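Coordinates in review
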Amino acid sequence: MPDVQPIGIDLGTTCSAVAYIDEHGKTAMVRNAEGEVLTPSVVLFDEEEIIVGREAKKAAGVEVGKVAECAKRDMGRESYAKLINGKEMPPEVIQAYILKKLMLETEAALGTQVKAVITVPAFFDEVRRKATTDAGEMAGLEVLDIVNEPTAAALAFGEAAGYLEDDGTPREMMRVLVYDLGGGTFDVTLLELRPGDVRTLATDGDTHLGGRDWDQQLADHAADAFAAQYGSDPREDPGSLVRLMRAVEEAKHTLSIRNRTKIHVEHAGQALDLSLTREEFYDITAHLLERTAYTAGEVLRVAGKTWQDVSKVLLVGGSTRMPMVPEMLEKLTGIEPDSSIYPDEAVARGAAVFARYVMDQGAGDKQPSFTVVDVNSHSLGILGIDQETKRKENVIIIARNTPLPARAARNFVTKTDNQKSIVVQVLEGESTAPEHCSVIGKAVLRNLPPGLKQGWPIRVTYQYGTNGRLSVRAVVPGTEREIVMELEREQGLSSDRLKQWKQTLTAEVGRKRSASTIPAEQQSVMTPTQRKAPPAAQRVAKAAKTPTATPAAAAASPIAAQRAAPQATTTAPQATTTAPQATTTAPQATTTAPQAATVMQPAATEVVSSPASSETVLRPKNKKGLKVWYYLAGYIISATVGLSIGYVLMCMINPEADFLNIWVPGVEAPSEEE
Ligand code: AMP
């Protein structure tokens, strides 16, 4: 094993997985401390400890309000959708706790330090990508790069199904549709693989569509039936609701392999066993499946392709195990979806391939065998004012599905005579109405030369890198002025809060090695040969292909070095009808002040391993010491009060026993004359 091992992390909405490159150059899955490949992306914030994974998931039904699930859905938002222990928590912090467990247990399992590539849905915007990198940083993990999940999936399938040459080059031109339906997100991407080139043609998705929505439909169906029978609704009680959600998810899984199942609903001392067929399940959820088909059709349309142009369909994400998914895709494309690799593992494996590649590039020992070109999943625009209507509008500068890196420029004009400054407000979204877009940042160009006439041209250029980073440049023609502006982030954690959280999570540096005292037998890794075949009925039976690609490092494609070099340059047509907003005010600070309402204080955490459960838990460091002092103080106070009461009672019964000569109620004090 090398000193530092490149790994791929699929940081999933419901489950996460880690892969690495084994000594034969093939991808292999890492098992967590519980001996499992998939770690539920669930965090339990108990009073005394923070638990990640299976045990946290188990606690969800019992410890309501302490368990954070599906934080990925909230990435990019200020705070997680639910209050945890009554407090707000940023979603990237929840992700950081998950990454920390994965990192510690992978390092323990492999016996080396790790550097990671983390995957994100292709449609994740700039803010969510940055939040993902921040989560890695808070966890103390070195993040080599962020890669799109469909790109990673294509690499993994390439390795497993042998459509990459030994050096990683695709053998032939192939158009691959990656359909990724996970627990909470859906995305679909069309990639074109050619010798020397892996290119994303178009991508689209939905951050709020996934297996959970199928569960929700079933839960509503079962709860309605329960309410009809008993007159009370299990959705109204948090505990009953969590148990109902577990029951319907189990039923959904059963329906992937059987035609009929029962959903057990319990609430307010009553129970119902509701029977459900696969056909009924299809009917209840047909509209969700149609939504995914519509999005896939849109991706093909945008790429200028048809269903018949697709040469391979790859299924990724746990929810593609529902037979309705491959059935629908087979009907549309006429080809049987590829199932040569576990959908749960594909993304992590591809990310490991990519991580190895990035590290090789960094070491300078390998030439890239081919390049990867991704696209911009959301349009990037600028807030402008239409000169005729005087309405604010989103003027798109880099359109969605533009190959990256991309550069585009548009001309604007000043709004007033002698304008002092302009604000470039960067919008992300497809609508021309700014209120339907998200503001991802702001840059202010101040100190414009004096005496500029109204309508003076300003040329604004956006440069969007493969890493999802945007730089904004504004030029005032005729004044030899060119200003590159720092984008002020409107969303995400401020650097102060980031540091604070990082301290909280990494206060245990130095104890890290001993932290994951995972039992030796659990410190295992799983190679492809150890994998069991998926249950025949669970997926369309298919002969597993032996991976023919050579060392996955070679299979590794893409490419930090090449990605960094601008390839595609898009110059948008110049538009002069829109004027940027004028401003004379100083830029406002947009970062959020550090909040005191964090769940744990910095430098008060340590990582310990609970031998009984082999769970890695994070435990407040000083709490035990504090408790001892509380106990001692309580003991002294109650002893003093007890003794005093006893003494007073004794004196009341026998005043002569008052050897301390104090005043006791009901007993006359001796007079001074006496
Ligand atoms: P992922 O986010 O890719 O880990 O996918 C998790 C989702 O896949 C959850 O909604 C699971 O309920 C769902 N899932 C996992 N296995 C199955 C199965 N056998 N049948 C149906 N859905 C499944």
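Heads up: the structure comes first, above all this text.
Residues numbered from 1 in each chain as written. Predicted model: local features only at pLDDT ≥ 70, side-chain atom pairs only at ≥ 80, totals over all residues. Heavy atoms only, no water.

Description of the pattern of salt bridges
Formally: Put simply, a salt bridge is a Lys or Arg side-chain nitrogen that is within 4 Å of an Asp or Glu carboxyl oxygen. A run of H or I in DSSP becomes a helix once it reaches four residues, and a run of E becomes a strand once it reaches two; helices and strands are each numbered from the N terminus. Note on classification: 1.4 Å probe, protein chains only; a residue is buried when its accessible area is under 20% of the maximum for its type, exposed when over 50%, partly exposed between these limits.
Using the criterion set out here, one finds 24 salt bridges in the structure. Across the pair E69 and R212 runs a salt bridge whose closest N-O atoms are separated by 3.2 Å. A residue pair is termed long-range when its members are at least 10 positions apart, and E69 in strand 7 (residues 67-69) and R212 in helix 5 (residues 211-230) qualify at 143 residues. Under the relative-accessibility criterion, E69 is labelled buried at 16%. Since its relative accessible area comes to 29%, R212 is described here as partly exposed. Across the salt bridge formed by D215 and K252, the nearest N and O atoms sit 2.9 Å from each other.

Observations concerning the packing of aromatic side chains
For clarity, the cut-off: Two rings belonging to Phe, Tyr or Trp (six-membered ring only in the last case) form a pair when the distance between their centres is within 6.5 Å. Interplanar angles under 30 degrees mark stacking, angles over 60 mark edge-to-face geometry, and anything in between is tilted.
Per the stated rule, a full pass over the model turns up three aromatic pairs. Taking the centre distance of 4.8 Å and the plane angle of 50° together, the rings of F226 and Y230 count as tilted. With F226 and Y230 both in helix 5, this residue pair falls four residues apart, about one helical turn.

Details of the nonpolar core
The condition is simple: We define the nonpolar core as a collection of buried residues of types Ala, Val, Leu, Ile, Met, Phe, Trp, Tyr and Cys that are connected through side-chain atoms lying within 4.5 Å of one another.
Formed by 43 residues in total, the largest nonpolar core has its most connected members in I9, F45 and Y97. Of all hydrophobic cores here, the second largest spans 42 residues; its members include L181, A247, L272 and V313.

Description of the state of the cysteines
Stated precisely, the cut-off is as follows: Cysteine sulfur pairs qualify as disulfides if the two atoms are within 2.5 Å.
Inspection of the entire model under this criterion finds zero disulfides. Considering cysteine sulfurs only, C70 is the nearest to C15, which forms no disulfide, with 9.7 Å between them.

Focus: the sheet that holds strand 12 (residues 197-206)
In plain terms, the rule: At least two bridges found by DSSP between two strands is the condition for calling them paired. Working convention: axes come from line fits to C-alpha atoms, limited for helices to the stretch in contact. Angles between N-to-C directions cover 0 to 180 degrees.
A sheet is described by the order of its strands in space; here five strands give the open sequence 15-10-11-12-16, paired in mixed fashion. The open sheet is flanked by strand 15 (312-316) and strand 16 (371-373), the only strands paired with a single partner. Taken over all neighbouring pairs, the strand axes of this sheet differ in orientation by 20° on average, direction set aside.

A few points about the pairing of strand 18 (residues 392-398)
Alignment of strand 17 (residues 380-386) against strand 18, held across six bridges, turns out to be antiparallel. Counterpart to L380 in the pairing with strand 18 is I398. Between strand 17 and strand 18, which pair antiparallel one after the other, the connecting turn spans five residues, and K390 there sits at a positive phi close to 60°.

Side note on the site of the ligand
We apply this condition: Nearness of a residue to a molecule or strand requires only that one of the residue's heavy atoms be within 4 Å of it. Within 3.5 Å is the distance limit for a polar contact, defined as a pair of N or O atoms, with the added protein rule that one can donate a hydrogen and the other accept it, and that residues adjacent in sequence qualify only through two side-chain atoms. In this description, accessible areas are obtained by the Shrake-Rupley approach with a 1.4 Å probe, and a residue is regarded as covered only by the protein chains that are shown. Polar here means any residue outside two lists: the nonpolar Ala, Val, Leu, Ile, Met, Phe, Trp, Tyr, Cys and Pro, and the charged Asp, Glu, Lys and Arg; Gly therefore counts as polar.
As a matter of local geometry, the ligand sits amid 15 residues, with G183, E249, K252, H253 and S256 nearest to it. Within the backbone of G318, a nitrogen or oxygen atom sits 2.9 Å from an oxygen atom of the ligand. S319 is positioned such that a nitrogen or oxygen atom in its backbone is 3.1 Å from an oxygen atom of the ligand. Here the ligand loses 88% of its free accessible area of 500 Å² to cover by the protein chains. Residues belonging to the shell around the ligand are distributed by class as follows: two nonpolar, 10 polar and three charged.

Thoughts on helix 6 (residues 238-255)
For the record, the criterion: A helix's residues, less one, multiplied by 1.5 Å, set its expected span. Note on definitions: a residue-residue contact is assigned when non-hydrogen atoms from the two residues lie within 4.5 Å.
Between its first and last C-alpha atoms helix 6 spans 26 Å; for 18 residues at 1.5 Å apiece the expected length is 26 Å, and the two agree. Taken together, the buried positions of helix 6 are G239, S240, V242, L244, M245, A247, V248, A251, K252 and L255. Packed against the buried residues of helix 6 are helix 5, strand 13 (260-267), strand 14 (270-277) and helix 7 (278-303).

Some remarks on helix 7
Residues lying three or four places apart along an α-helix face the same way, a consequence of the helix completing one turn every 3.6 residues. Applicable threshold: For a residue, the bend is simply the angle between two axes, fitted respectively to the seven-residue segment ending there and the seven-residue segment starting there.
The principal kink in helix 7, of about 60°, is found at T285. Turning to helix 7, its buried residues number three or more, namely R278, F281, I284, T285, L288, L289, T292, T295, A296, V299, L300 and A303. Positive backbone phi, approximately 75°, marks G304, located one or two places after helix 7.

Structural notes on the packing of helix 7 against helix 8 (residues 324-333)
As a reminder of what qualifies: To sort the angles, those under 35 degrees are grouped as roughly parallel, those over 145 as roughly antiparallel, those from 65 to 115 as roughly perpendicular, and the leftovers as oblique. By convention, the crossing between two helices is left-handed when the near helix turns anticlockwise from the far helix through less than a right angle, and right-handed when the turn is clockwise.
Closest axis-to-axis distance for the helix 7/helix 8 pair is 11 Å, and the angle between their directions is 50°. With respect to helix 8, the axis of helix 7 lies oblique. Both helix 7 and helix 8 take part in a crossing whose hand is right-handed. Facing helix 7, whose interface residues are F281, Y282, T285, L289, T292 and A293, helix 8 presents M324, V325, E327, M328 and L332.

Here we look at unusual backbone geometry
Between L404 and P405 the backbone carries a cis peptide bond, its omega angle lying at 0°. Mapped onto the fold, P405 is located in the loop between strand 18 and strand 19 (406-413). If you check the backbone angles, N401 has positive phi at about 65° while not being a glycine. Within the secondary structure, N401 sits in the loop between strand 18 and strand 19. One non-glycine residue, N418, adopts positive backbone phi at about 55°. Structurally, N418 is set in the loop between strand 19 and strand 20 (421-428). Of the residues examined, N418 reaches a relative accessible area of 37% and is grouped as partly exposed.

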